[in-house]
Number of protein chains: 2
Amino acid sequence: MADVEAKERKILIAVDEGEESMYALSWAVKNVVSENSNDTLILLYAKPPRTVYTALDGTGMRSDRREGYLFSSDIIQTMEKYSKEVADCVIEKAKRICKDLHNVKVEARVENGDARDVICEMAEKLGADVLVLGTHGYGLIKRAFLGSVSTHCAQNVKCPVLIVKRPKSTAGNK
Amino acid sequence: MADVEAKERKILIAVDEGEESMYALSWAVKNVVSENSNDTLILLYAKPPRTVYTALDGTGMRSDRREGYLFSSDIIQTMEKYSKEVADCVIEKAKRICKDLHNVKVEARVENGDARDVICEMAEKLGADVLVLGTHGYGLIKRAFLGSVSTHCAQNVKCPVLIVKRPKSTAGNK
């Protein structure tokens, strides 16, 4: 940092199951986070919202319509449990990357919702000083259909956004 | 920085006439550039390419067609001179923002071409470790027509891209 005064910065880092977000986190830890300042690192994981399935007919078994499935509470519970385990696993992995940061506060947040909405809302709510995102680097076609979390956030979040793309050589080892 | 070893980083910062890019530069100087490391700051200005006008008819005066104008070499020279002056002025302003960075090498480059192409090409050519961009924060409609330099670069540049949006309160003082 140019001025090493003890200003407090909130660095919000979106993490998910992908290696891209872990690479972005590592990059930020090395290049943005300062051991000398009062930085707080906030690891944010957006847990995909539970899809609400409604039975449109009595049997709930119309295989040609997604809405036709009726899930028992057992299945829903299992799915919820699995989803929570994924969230825990991602946060744990992210925290391991931050383990050498001794003077930096590391917090973790798991929020329910679409990643794009969750990230933009939390950046605003927490008053983040910078948002760090990994990117999947989809090609033109895939991006057009799927949209891009990083593009959406860069356009909608008010604070500076750091988009870290994983180099091809590293991505090849996936 | 988490590890203050003397690794060399090339920080490429695109600057233009807008206050947004100067804000981005100031933000990067405070938050990314490290006085303790071997950082090199490269200020990049893309000088818009000279539009080539060709006379399609003898008079060169068909007012309904842009290509119909024939500029005298005097006018072209004046335009070139003006364009160079703008470039010098932008680089000088950018250098003033970096004046307190004593241990950081600051270089300036002026390249001809469309900003999007120039920035992507130079990031690649120089092997930048991070690219910093300001953004105009155009609304949805304007963005759709004009495209966005930051979005284009974030999608096409291989290195991490930091997009800095000027806060509304500061933008109001324009």
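Model, not experiment: these values are computed from the prediction.

Cut-offs used in this document
- Residues numbered from 1 in each chain as written.
- Chains lettered and ligands numbered in written order.
- Predicted model: local features only at pLDDT ≥ 70, side-chain atom pairs only at ≥ 80, totals over all residues.
- Heavy atoms only, no water.
- Core = buried A, V, L, I, M, F, W, Y, C linked by side-chain atoms within 4.5 Å.
- Buried < 20%, exposed > 50% of the residue type's maximum accessible area, 1.4 Å probe, protein only.
- Contact = heavy atoms within 4.5 Å.
- Axes fitted to C-alpha atoms, helices over the stretch in contact; angles between N-to-C directions.
- Helix = DSSP H or I, 4+ residues; strand = E, 2+ residues; numbered from the N terminus.
- Parallel < 35°, antiparallel > 145°, perpendicular 65-115°, else oblique.
- Left-handed = near helix turned anticlockwise from the far one by under 90°.
- Expected span 1.5 Å × (residues − 1).
- Salt bridge = Lys/Arg side-chain N within 4 Å of Asp/Glu carboxyl O.
- Buried area = accessible area lost by both parts, 1.4 Å probe.
- Polar contact = N/O pair within 3.5 Å; in protein donor to acceptor, adjacent residues only side chain to side chain.
- Nonpolar A, V, L, I, M, F, W, Y, C, P; charged D, E, K, R; others polar.
- Pairing = 2+ DSSP bridges.
- Least-squares fit on C-alpha atoms with pLDDT ≥ 70 in both.

1. Some points on the nonpolar core
Piece 1. Ranked by internal contacts, the top residues of the largest apolar core, which has 52 residues, are Val15(A), Leu25(A), Leu41(A), Val15(B), Leu25(B) and Leu41(B).
Piece 2. Leave out the neighbours within four places in its chain, and Val15(A) touches Ser21(A), Met22(A), Leu25(A), Leu44(A), Tyr45(A), Ala46(A), Val90(A), Ile91(A) and Ala94(A).
Piece 3. Within the second largest apolar cluster, 40 residues are counted, among which are Ala123(A), Leu131(A), Cys153(B) and Val157(B).

2. Description of the packing of helix α3 (residues 115-126) of chain B against helix α5 (residues 149-156) of chain B
Residues and elements named next belong to chain B.
Piece 1. Their axes nearest at 10 Å, the elements α3 and α5 cross at an angle of 30°. Put simply, α3 runs roughly parallel to α5. Classified by chirality, the crossing of α5 by α3 is right-handed. For the pair α3 and α5, contact is made by Ala115, Arg116, Ile119 and Cys120 and by Val149, His152, Cys153 and Asn156, respectively.

3. Considerations on helix α2 (residues 73-97) of chain A
Residues and elements named next belong to chain A.
Piece 1. Helix length check: α2, at 25 residues, gives a terminal C-alpha distance of 36 Å against a target of 36 Å (1.5 Å per residue), a fit within 8%.
Piece 2. Of all the positions in α2, only Ser83, Val86, Ala87, Val90, Ile91 and Ala94 are classed as buried.
Piece 3. Next to the buried residues of α2 lie β1 (10-15), α1 (19-31), β2 (40-47) and β3 (105-112).

4. Here we look at the pattern of salt bridges
Residue and element names in this part refer to chain B.
Piece 1. Scanning the entire structure with this criterion turns up 18 salt bridges over all chains.
Piece 2. Here glutamate 19 makes a salt bridge to lysine 93, at a shortest N to O gap of 2.7 Å. Placement of glutamate 19 in helix α1 (residues 19-31) and of lysine 93 in helix α2 (residues 73-97) is noted, with a sequence separation of 74 residues between them.
Piece 3. Assessed through its relative accessible area of 30%, glutamate 19 is described here as partly exposed.

5. Things to note about the interface of chain A and chain B
Piece 1. In this complex, chain A contributes 30 residues to the contact, which on the side of chain B involves 29 residues.
Piece 2. The junction of chain A with chain B conceals about 2500 Å² of combined surface from both sides, 48% of it contributed by carbon and sulfur atoms.
Piece 3. For the interface between chain A and chain B, the tally reads twelve residue pairs in polar contact (both at pLDDT 80 or more).
Piece 4. Ranked by residues supplied to the side of chain A that touches chain B, first place goes to strand β5 (residues 161-165) of chain A with five residues.
Piece 5. Tallied by class, residues from the side of chain A that touches chain B come to 16 nonpolar, five polar and nine charged.
Piece 6. As paired strands, β5(A) and strand β5 (residues 161-165) of chain B are joined by three bridges and run antiparallel to one another. Within β5(B), the position partnered with Ile163(A) by the bridge is Val161(B).

6. Quick look at the pairing of β5(A)
Residue and element names in this part refer to chain A.
Piece 1. Of all five residues in β5, five are buried, a share of seventy percent or more.
Piece 2. Alternating residues of β5 divide into Val161, Ile163 and Lys165 and Leu162 and Val164, and every residue in both groups is buried.
Piece 3. Taken together, the five bridges between strand β4 (residues 130-135) and β5 define a ladder with parallel strand orientation. Bridge pairing in β5 links leucine 131 to valine 161.

7. A word on the pairing of strand β4 (residues 130-135) of chain B
All names here are of chain B.
Piece 1. When you tally the buried positions in β4, you get five out of six residues, the bulk of the element.
Piece 2. Pairing geometry for strand β1 (residues 10-15) and β4, over three bridges, is parallel. Bridge pairing links leucine 12 to leucine 131 in β4.

8. Concerning the relation of the copies chain A and chain B
Piece 1. Structural alignment of chain A on chain B gives an RMSD of 0.0 Å, achieved by rotating through 180° and translating 0.0 Å along the axis. In symmetry terms, the pair is related by a two-fold rotation axis. Relative to the rotation axis, the C-alpha of Leu162(A) is the closest in chain A, positioned 2.0 Å from it.
Piece 2. Take the interface residues of chain A: 97% of them recur as interface residues in chain B, which is what a same-surface contact looks like.

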